[in-house]
Amino acid sequence: MHTATVSRSLILSMLLLYSWGDEILAGEYVELRQKMVQTIEELVQDTSIYIDKEELDPRVMQAMGKVPRHEFVPETIKPLAYLDRPLPIGQGQTISQPYIVALMTDLMRPHPKQRVLELGTGSGYQAAVLAELTDQVFTIEIIDKLGEQAADRFQRLGYDNVTARVGDGYYGWEEHAPFDAILVTAAASHIPPPLLKQLKPGGRMVIPVGGRFQVQQLVLVEKNKEGKITTHQILPVRFVPLTGEH
Ligand code: SAM
């Protein structure tokens with residue numbers, strides 16, 4: 001962790017939080033977002049031994065530098081939106097750490113022609129990052145209120161290539177399958193078989209696997225052209241659990 005960068009961002013965020021009575025200028029968010037991107041680049045270097053690369057796809061980093069993360073967090077913590085950490089979004093849920101959002105997006109190897117499924121819409125931030133990089137994004141959230149708020153955000157911010165619904169993502173979205181890539185943003189005890197089925201041959205899934213009180217691993221799942229599945233553990237992570245009836 002690069003302490004100097006983190007503390008500079010933290011001080012700037014705290015100053016903005018302190019002066020929250022006055023309107024924060026769009027330019028200040030741009031500056032914080034650029035700092036967030038630098039922090040991600042440094043963390044990628046620090047974790048290169050795990051992720052086996054020194055930098056992420058520049059298109060992914062461009063998307064991270066473009067999506068207005070402050071629009072995806074509650075009003076009261078907007079000035080903290082660009083810290084590289086998860087933040088509360090209500091209903092006991094979180095918006096994921098920007099470094100993890102960037103890494104998961106990079107691992108699915110995004111390109112414009114893809115149809116992508118995300119499970120765990122939450123704030124809608126990860127779906128918005130995907131929407132900058134691919135044609136069609138489908139996202140499912142199990143908590144009504146979060147799903148509805150995210151759908152409003154997609155509309156307000158013009159993310160019209162995102163289709164959102166409320167439901168249990170464990171079962172995927174059969175109607176729109178198969179998917180080129182699937183991202184799961186809540187930790188599952190196992191890889192849901194319906195998602196494996198809905199992944200295209202040649203497709204990639206990124207999913208945190210492990211229980212709430214266990215060390216979870218971010219897992220890359222690949223389905224080759226013949227339908228054979230291989231899995232690869234990337235690095236330890238901490239996500240809220242995938243809930244639902246399964
Ligand atoms: N991707 C989100 C974002 O960008 O803000 C963050 C996701 S948060 C870490 C995990 C989300 O998964 C929570 O909003 C939670 O309600 C949702 N979730 C948990 N179990 C689910 C399920 N079975 N189906 C769909 N969503 C689920």
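To be clear, the structure that these remarks concern was listed above.
Calculation rules
Residues numbered from 1 in each chain as written. Predicted model: local features only at pLDDT ≥ 70, side-chain atom pairs only at ≥ 80, totals over all residues. Heavy atoms only, no water. Helix = DSSP H or I, 4+ residues; strand = E, 2+ residues; numbered from the N terminus. Rg over C-alpha atoms; globule rule 2.2 N^0.38 Å. Buried < 20%, exposed > 50% of the residue type's maximum accessible area, 1.4 Å probe, protein only. Contact = heavy atoms within 4.5 Å. Areas by Shrake-Rupley, 256 points an atom, 1.4 Å probe, with all protein chains shown as cover. Near = heavy atom within 4 Å. Polar contact = N/O pair within 3.5 Å; in protein donor to acceptor, adjacent residues only side chain to side chain.

Here we look at the overall build of the chain
And step 1. Within the chain one finds eight helices and nine strands.
And step 2. Its C-alpha radius of gyration of 17 Å places the chain within 12% of the 18 Å reference for a compact globule of 246 residues.
And step 3. Principal-axis analysis of the C-alpha atoms places the extent of the chain at approximately 55 × 40 × 35 Å.
And step 4. Counting over 246 residues, the chain shows a buried share of 50%.
And step 5. The long-range share in the chain, meaning contacts at least 24 apart out of those at least 6 apart in sequence, stands at 56%.
And step 6. Of the roughly 11,900 Å² that the chain leaves accessible, carbon and sulfur atoms contribute 52%.

Description of the site of the ligand
And step 1. Ser123, Glu141, Asp168, Gly169 and Thr243 are the nearest of the 26 residues found near the ligand.
And step 2. In this structure, Asp168 approaches the ligand through a side-chain N or O atom, which is 2.8 Å from a nitrogen atom.
And step 3. Residue Gly169 places a main-chain N or O atom 2.8 Å away from a nitrogen atom belonging to the ligand.
And step 4. Summarising the interface, the protein chains cover 99% of the accessible area of the ligand, which totals 600 Å² for the free molecule.
And step 5. At the level of elements, strand S2 (93-95), helix H6 (125-133) and strand S4 (136-141) are the ones that each hand at least two residues to the shell around the ligand.
And step 6. Among the elements that line the shell around the ligand, the one with the most residues is S2, at three residues.

Quick word on unusual backbone geometry
And step 1. Here the residue pair Ala177 and Pro178 is connected by a cis peptide bond, since its omega of 5° sits within 30 degrees of zero.
And step 2. Checked against the element boundaries, Pro178 lands in the loop between strand S5 (162-166) and strand S6 (179-184).
And step 3. You will see that Gln91, though not glycine, has its phi angle at about 60°, which is positive.
And step 4. Among the structural elements, Gln91 can be located in the loop between strand S1 (87-90) and S2.
And step 5. On the accessibility criterion, Gln91 (41% relative accessible area) is partly exposed.
And step 6. Despite not being glycine, Arg109 has its phi angle at roughly 50°, a positive value.
And step 7. Structurally, Arg109 is set in the loop between helix H5 (98-107) and strand S3 (115-119).

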